[in-house]
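Here is what each chain is made of, one letter per residue.
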Amino acid sequence: RLPFSPLRFPFSMADSALGAAAQWDDATGAPLNDAARSILEDAKATIAKSSAASSKSSSKAFISEDAARAILAAIPDVDLATGEHKYVQVIISVKGAPKGVSKPIVTSTAGLMYHPDMYDAAMKKLKPLGITGRVVGGGRINLDHGAKTASVWGYSKSFGRAEGCNKRSAEIIGRFHPDYRVTWSDDGY
């Protein structure tokens, strides 16, 4: 078990490798500068690598399945900022683990306005732990701890619509917060 919650590290978009905050088009979700392009290219490259790796039949694992599952179990399934925010669902796995040892997480970060930034923030916290991640999709979420409710809807303009993403995200949130009323819809943006 890890001695800390890996999704609770301090993080700042100013810490990006390119030194500038990523900028996104509000209407289309398109990247407007090199920092944003880098985040989106990294996310899309991870998706492509994941697809290529899954088509290879023999890849040797260098970490046991039990060890990989223990590492994944230490990472919260849900890490959401309170209030209304964009969110992403990411399938995470441990680098070098046997094929198929993975789990989905749902994450949002207060102060970030775009889906690729949400993905980038989560991966900057997880990569140092040997965790890889593939974005599934995203949307919006309103999490109210006082009322014990969570509403999930919409889609990511940057990553596109991902069929079933909001429903699966709501199910994950419902398992993490079993006493909350969790609703979902694919309507809206």
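In this text the structure is predicted, and so the values were computed from the model without any measurement.

J.: Is there a simple way to explain the overall build of the protein in this structure?
T.: Summing up its helical and strand segments, the protein has four helices and six strands in all. Counting from the amino terminus, helix and strand elements in the protein follow one another as α-α-β-β-β-α-β-β-α-β. Counting all 189 residues of the protein, 41% fall into the buried class. Expressed as a percentage of contacts within the protein between residues at least 6 apart in sequence, the contacts between residues at least 24 apart total 68%.

J.: Would you explain unusual backbone geometry in this entry?
T.: For residues other than glycine, phi is negative in most cases, and the peptide bonds are mostly trans. Located in the positive-phi region is K148, a residue other than glycine, with phi close to 55 degrees. Along the polypeptide, K148 turns up in the loop between β4 (131–144) and β5 (149–153). For K148, a relative accessible area of 37% gives the class partly exposed.

J.: Hey, could you run me through the nonpolar core in this one?
T.: Across soluble globular proteins, nonpolar side chains have a tendency to be buried as a group. With 27 residues, the main nonpolar core has I92 and Y119 as its most contacted residues. Mapped onto this core, the elements with two or more residues apiece are α1 (34–55), α2 (65–73), β2 (83–94), α3 (115–126) and β4. Not counting the four nearest positions on each side in its chain, I92 is found in contact with L72, I75, V101, S102, K103, I105, L126, I131, T132 and G133. In this structure, L143, C165, A170 and I173 belong to the second largest nonpolar core, which totals 13 residues.

J.: What should I look at first to understand the sheet that holds strand β6 (residues 181–184) in this one?
T.: The pairing of strands in a sheet comes from backbone hydrogen bonds and takes either a parallel or an antiparallel form. Pairing is mixed in the open sheet, where six strands are placed in the order β1-β3-β2-β4-β5-β6. Single-partner strands in this sheet number two, and they are β1 (78–79) and β6. As judged from the two bridges shared by β1 and strand β3 (residues 102–107), these two strands associate in the parallel manner. By the bridge assignment for β3, D79 is matched with T107. The strands touched by α3 within the sheet are β1, β2, β3 and β4, with β2 carrying the most contacts at an inclination of about 45 degrees.

J.: What should I look at first to understand the pairing of β4 in this one?
T.: Sheet faces and side chains relate simply in a regular strand, where the side chains alternate between the two faces. Across twelve bridges, the pairing between β2 and β4 is antiparallel. Directly across from I91, in β4, lies its bridge partner R134. For β4 and β5, the ladder comprises five bridges, and the chain directions are antiparallel. Counted as the bridge partner of L143 is A150 from β5. Linkage of β4 to β5, two consecutive antiparallel strands, is achieved through a turn of four residues, within which K148 is found at a positive phi near 55 degrees.

J.: How should I be thinking about the environment of W24 in this particular structure?
T.: Tracing the backbone shows W24 in the segment before α1. By relative accessible area, which is 4% here, W24 ends up buried. For the pair formed by W24 and M113, sequence separation is 89 residues and the distance between their alpha carbons is 8.7 Å. Beyond its immediate chain neighbours, meaning those up to four positions away, W24 contacts G29, A30, P31, L32, A36, I39, L40, Y114, P116, D117 and S158.

J.: How should the side chain of K86 be read in this particular structure?
T.: For K86, the position within the fold is in strand β2. Since its relative accessible area comes to 9%, K86 is described here as buried. Looking at K86, its side chain comes within polar contact range of the main-chain oxygen of M113, at 3.1 Å. The residues touching K86, leaving out its near neighbours within four places in the chain, are S108, M113, Y114, H115, M118, G139, R140 and Y189.

J.: Quick question: what am I supposed to make of the environment of S169 here?
T.: Among the secondary structure elements, S169 is positioned in helix α4 (residues 165–176). The buried category is assigned to S169, whose relative accessible area is 0%. S169 sits 91 residues away from V78 along the chain, and the two C-alpha atoms are 9.1 Å apart. In contact with S169, not counting residues within four places along its chain, are Y87, Q89, V106 and V152.

The rules behind these values
Residues numbered from 1 in each chain as written. Predicted model: local features only at pLDDT ≥ 70, side-chain atom pairs only at ≥ 80, totals over all residues. Heavy atoms only, no water. Helix = DSSP H or I, 4+ residues; strand = E, 2+ residues; numbered from the N terminus. Buried < 20%, exposed > 50% of the residue type's maximum accessible area, 1.4 Å probe, protein only. Contact = heavy atoms within 4.5 Å. Core = buried A, V, L, I, M, F, W, Y, C linked by side-chain atoms within 4.5 Å. Pairing = 2+ DSSP bridges. Axes fitted to C-alpha atoms, helices over the stretch in contact; angles between N-to-C directions. Polar contact = N/O pair within 3.5 Å; in protein donor to acceptor, adjacent residues only side chain to side chain.

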